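These are the residues of each chain, in order.
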Amino acid sequence: MITFESVTKRYPGGTVAVDALDLEIPDGQTMVLVGPSGCGKTTSLRMINRLIDPSEGRIMLDGTDISTVEAPRLRRGIGYVIQQAGLFPHRTIEDNIATVPLLEGWNKAKARDRARELMDLVGLDANMARRYPYQLSGGQQQRVGVARALAADPPVLLMDEPFSAVDPIVRSSLQDELIRLQNELHKTVVLVTHDVEEAIKVGDQVAVFYPHGKIAQLDTPQHLLGSPADEYVENFLGFDRGIRRLAFFSAGQLDLETGTVLAADTTVEAARAAAQRCGEPWVLVTDGGNRQPQGWFAVSDLDRQPDRETLGSLSLPLAPLGHTFQVGRDSLRAALDATVLSRTGRAAGVDGDGRVVGITTYERLRAAIQTAEQAGLDGNPDQPAFREGRTTPEAQQAGADDAAEPAGEGVRPS
Amino acid sequence: MSWAWQNRDQIGHLLASHLYLALLPVLFGIVVAVPVGIMCVRWRWTWPPILSLTSIFYAMPSLALYLVLIAYTGLTDWTVIIPLTLFSLSVLIPNVVDGLRSVPPPVKQAAVAMGFGATRRTIQVELPLAVPVIIAGLRVATVSSISLVSVGQLIGIGGLGYLFTDGEQRDFTTEIWVGLILIILLALLFDGLLVLARRWLTPWEARAPRQERRRVVQVALRGANAGVKGGSI
Ligand SMILES: Nc1ncnc2c1ncn2[C@@H]1O[C@H](COP(=O)(O)OP(=O)(O)O)[C@@H](O)[C@H]1O
Ligand SMILES: [Mg+2]
């Protein structure tokens, strides 16, 4: 646990970069500090590893005032990642990563083994070990930066705009990677960014800063999007926060239509009856055995087909399936997105193996959103929210007890 | 040229003494410049006075210095080596300081944040990264030193410079040409060696090979130029 106790930083010249900041950063979570440029995020972050000393107040790390710890020793227990990666140009990738273990006096072979392990962890190819930083792309350098910060297995990781200098596609994949790592490692991460999207995506908690070193709101991402504390925060979050917030509700909450999910060997007559029973203008055709979705037939087209033919044998072209969403994993936002993009105004929800679970429509989405909003507002704020692609420590524990781990979760067996 | 072959023994001796007189000052220079440069970066207040001192060394006329030194060191090699050492220092100290300061701020900051203490940071991070700039300084110091040795001939200790005065007295141009060409070749050779040393010491640098070669030629020509001027004072 990192605690700021009314910490103020005044620079020579009188700028108050951080103004009587109180902040508790719980263990094992990602805390994001977000705000406009110059609001004191970097200053706050650097005070944690004593690159900057506070003018007033104190910072406690697990109950110890950090000003009483010798700075180099404190820093070796705190990983630090910066925007430009800051790799040592004259050291190979493996030696860059092995920096802190070597400072800690590990022998060279053990430090290099550790470096290889970390390269694997952050998704770097082993054949890069002997290269120099100039031979790597920006995104790869940033991965090395993260590996280097994690090398001595510090409990705390500080990241200052770690993904701001890379292009949007690489940034997004690095963010996913951080989320995956965090699922596995549960470090105490403090990440600074000016990018709200990034804050919402990677943060367990988000502290939004006013322009002058004070916190406007500290909350979980879904509460932040659901109930901004004031107009400043609302403006800072941007206009489409309503839709973004749907990312925090599971698509599993949808009440899906199953009556019009029909195997290819269903007769046209039976299909028409099913559609009529459900009041649906479209039916979804799946291949017989394993319920993989194939595409849609309009009921109006089926009216002109012979009663006894099966759906699979018709020469009528299927309307394209469009995107599907995975019921147990994806959010309402993904389901809404799939529905909006579909020509039929419908999207198929599938399970982990791609088998159809059911169909959603705008009406069904609206109902689920209403229920979710209600539950979200009344709900217990301490209860971990649904996050796409996340596992909580508890969930991971539960997963580890099961013999079969869900596929595609990105959790590495340790 | 047959003259040069007939006198190869004497020329060989002159060459050896020329190298000795030229390179020892550079060696002394680098041994002193590195710690002094580190000090100037670590304790900033020491830099302005030392910078003034190096400017004085640089601007000081060698001839005046020889004449002053003769009173103390007489007609020994030291009378040439000491001024050249001071000259090397005047080139090398600013280069070491520039080199240490050229380390990119994010790299320095990362080193601090990783938990390097000040001394380890200097030795393991800043000094290796300063190598290209330091070697650039060494090239200037070495080439200059090789050409400046001949000035010592004014007091009779000038390595290949002897060929200039002797050739002039005997009105024998070949001898002057031989001296000049040998000095230029020496300058080119040692400059080349330093370029190789830099490549070997900095495998981590992205390079543009063609540009590099062009620069060697330029520096060598400048060195040769200095040699001609130095020899003809
Ligand atoms: N070393 C410094 N000296 C003086 N002022 C500084 C220094 N570093 C930052 N500041 C000022 O402090 C404020 C906060 O800076 P910073 O913490 O870097 O903000 P952020 O990271 O949120 O962009 C800014 O107004 C900045 O100009
Ligand atoms: Mg900043």
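Residues numbered from 1 in each chain as written. Chains lettered and ligands numbered in written order. Predicted model: local features only at pLDDT ≥ 70, side-chain atom pairs only at ≥ 80, totals over all residues. Heavy atoms only, no water.

**Quick notes on the overall build of chain B**
Okay, step 1: Helix and strand content of chain B: 10 helices and zero strands.
Okay, step 2: Along chain B, helices (α) and strands (β) appear in the sequence α-α-α-α-α-α-α-α-α-α when read from the amino end.
Okay, step 3: The buried share of chain B, taken over its 233 residues, is 48%.
Okay, step 4: Put simply, of all contacts in chain B between residues at least 6 apart along the chain, 75% involve residues at least 24 apart.
Okay, step 5: When the accessible area of chain B is evaluated, it comes to approximately 11700 Å², of which 68% is carbon and sulfur surface. (Helix = DSSP H or I, 4+ residues; strand = E, 2+ residues; numbered from the N terminus. Buried < 20%, exposed > 50% of the residue type's maximum accessible area, 1.4 Å probe, protein only. Contact = heavy atoms within 4.5 Å. Areas by Shrake-Rupley, 256 points an atom, 1.4 Å probe, with all protein chains shown as cover.)

**Re the nonpolar core**
Soluble, globular proteins show a tendency: their nonpolar side chains are buried together.
Residue and element names in this part refer to chain A.
Okay, step 1: In this structure, Ile97, Met159 and Leu191 are the most contacted members of the largest nonpolar core, which totals 47 residues.
Okay, step 2: Among all residues touching Ile97, those that are not within four sequence positions of it are Ala115, Leu118, Met119, Val144, Ala147, Arg148 and Ala151.
Okay, step 3: Phe4, Leu33, Ile66 and Leu158 belong to the second-largest nonpolar core, a separate cluster that totals 30 residues. (Core = buried A, V, L, I, M, F, W, Y, C linked by side-chain atoms within 4.5 Å.)

**Considering the packing of aromatic side chains**
Okay, step 1: As enumerated under the stated definition, the model contains six aromatic pairs over all chains in all.
Okay, step 2: On the basis of an interplanar angle of 70° and a centroid distance of 5.4 Å, the ring pair of B:Trp3 and B:Phe172 is categorised as edge-to-face. A residue pair is termed long-range when its members are at least 10 positions apart, and B:Trp3 in helix α1 (residues 2-6) and B:Phe172 in the loop between α8 (161-169) and α9 (173-201) qualify at 169 residues.
Okay, step 3: Judged by its relative accessible area of 13%, B:Trp3 is buried.
Okay, step 4: Given a relative accessible area of 25%, B:Phe172 falls into the partly exposed group.
Okay, step 5: Look at B:Phe28 and B:Trp78: their rings are 6.3 Å apart centre to centre, the planes differ by 10°, and that puts the pair in the stacked class. In this pair, B:Phe28 is assigned in helix α2 (residues 8-42) and B:Trp78 in helix α5 (residues 78-101), connecting sequence segments 50 residues apart.
Okay, step 6: We classify B:Phe28 as partly exposed; its relative accessible area is 31%.
Okay, step 7: Look at B:Trp78 and you get partly exposed, because its relative accessible area is 43%.
Okay, step 8: Against the face of A:Trp106 rests A:Lys110, its NZ or CZ located 4.2 Å from the ring centre. (Phe/Tyr/Trp six-rings, centres within 6.5 Å; stacked < 30°, edge-to-face > 60°. Lys NZ or Arg CZ within 6 Å of the ring centre and 35° of its normal.)

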